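Structural features, examined
Residue-level listing of the chains:
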Amino acid sequence: MDIGSLEVEYLNKNYPISILENTILSIFGNDNLSLRLPSLILSIFSIFLYYKISQKYLKKANDVYLSTFIFSLMPGFIIASLLFNKSIYMIFLVLLFIYTFLYHRFYSYILLLLYAILNYSFISLYMGLIFYSIYKKDTKFLIYSILLLAINANYFNYDIKGHPKGHFVDVVLVYFAIFSPFVFTYFIYSLIKVLKKPTLLWFISSWGLLFSFLLSFRQKIKIDDFAPFVIVSVVFMVAIFLNGYRVRLKIFRPMYRLLFTFLLSSLIIFDILVFISPYVLDKKIVNQFRFSKSVALYLHKNNIDNIFCNDVNFCKKLYFYGLKKGDKYYIYWDKENKKVSISHNHKKILDFYVSKLNKK
């Protein structure tokens, strides 16, 4: 995949992850592998952290393996692992905090302090920790969480505004895409079941989910501000299911096996659909990750540089692949016909269809 529209926008921001990514690109060069390698590496580390966290919630090794396998199959996690985006960084950082809290608690307090000025999305984490502290009657941790929440909210000036606009359904549909519809339904059920004996992980995920629902009634939200806090609790689904399966008499277990087969099959089918549907239903999604590199290579080959374009986003992608910004050549990008026209001094000197380039 070539660099996408949202990815190129992220690179041009002054976010910590953008600075990190640009540093990596400056070392290894601007290409597709260098762009996506950090996300892939973080996804591997995230799976390892999730595995270690699952060991605290599940007793049997096979249960831990199953939980980790299902987590790695989550459509939202797979997509986040393949793209340069905020989500995979957030998933990793949330899992890192939970891991340190469970295994090396002192370091988790240091992480919380760093998170306060790292990203505004951690407001969901601090809200969950506040309610966890109240539940545990831990006054010191409560004060610490409130203080960090205040620092985070003040530092980033989190904006909550608007009137009811009906974005709740949109958010639910996005969660369906992240988990798959049937799995998300069972996920909600598992969170309700764990309510009887909530844990730190439950408070983090439940508040992230609830906060996203509440805000969606008033404004359009960015799902990557909340989903990373929710998806890390997949382990509850596995724990609730296996517990229900094992306490049943053998005569009733076939129903649970059927449920497991149905949920796992629906998850795998949805994973396949996530990758196939853009090609079948909406090629605009796929096309934003195509063409730009082949066009850039063709322009380089023909010594065309110092460019400006009719499509600002397309031009930024070309700049990513080494072309310089200037006013010597004008690049006209025809999205509908996938055609590039090049002008110099207001005279068209070249045009071509990108589909022919990709066949070469």
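Up top is the structure.
Below, the structure is looked at part by part.

Conventions adopted
- Residues numbered from 1 in each chain as written.
- Predicted model: local features only at pLDDT ≥ 70, side-chain atom pairs only at ≥ 80, totals over all residues.
- Heavy atoms only, no water.
- Salt bridge = Lys/Arg side-chain N within 4 Å of Asp/Glu carboxyl O.
- Helix = DSSP H or I, 4+ residues; strand = E, 2+ residues; numbered from the N terminus.
- Buried < 20%, exposed > 50% of the residue type's maximum accessible area, 1.4 Å probe, protein only.
- Core = buried A, V, L, I, M, F, W, Y, C linked by side-chain atoms within 4.5 Å.
- Contact = heavy atoms within 4.5 Å.

Let us look at the pattern of salt bridges. Counted by the stated rule, this structure contains 7 salt bridges. Note that Lys86 and Asp225 form a salt bridge whose closest N and O atoms lie 2.4 Å from each other. Of this pair, Lys86 sits in helix 6 (residues 86-103) while Asp225 sits in the loop between helix 12 (200-216) and helix 13 (227-231); the two residues are 139 residues apart in sequence, bridging distant segments of the chain. As far as burial versus exposure is concerned, Lys86 and Asp225 are alike and both buried. Lys335 is paired through a salt bridge with Asp311; the nearest N and O atoms lie 3.4 Å apart. With Lys335 in the loop between strand 2 (329-334) and strand 3 (339-344) and Asp311 in the loop between strand 1 (307-309) and helix 18 (312-320), the pair connects residues that are 24 residues apart, well separated along the chain.

Within the largest apolar cluster, 109 residues are counted, with the highest numbers of intra-cluster contacts made by Met74, Phe97, Tyr175, Phe179 and Ile231. No other element matches helix 6, which puts 12 residues into this core.

Mapped onto the elements of the fold, Ser205 is located in helix 12. Ignoring anything within four residues of it in the chain, the contact list for Ser205 reads Phe229, Val230, Val232 and Ser233.

We now examine unusual backbone geometry. Even without being a glycine, Lys137 presents a positive backbone phi close to 55 degrees. Checked against the element boundaries, Lys137 lands in the loop between helix 8 (123-136) and helix 9 (139-156). Since its relative accessible area comes to 74%, Lys137 is described here as exposed. Positive phi outside glycine occurs at Asn345, with the angle close to 55 degrees.

Another point: the environment of Leu258. The topology assignment puts Leu258 in helix 15 (residues 253-280). Residue class for Leu258 comes out exposed when judged on its relative accessible area of 61%. Placed 27 residues apart in sequence, Leu258 and Ile231 show a C-alpha to C-alpha distance of 24 Å.

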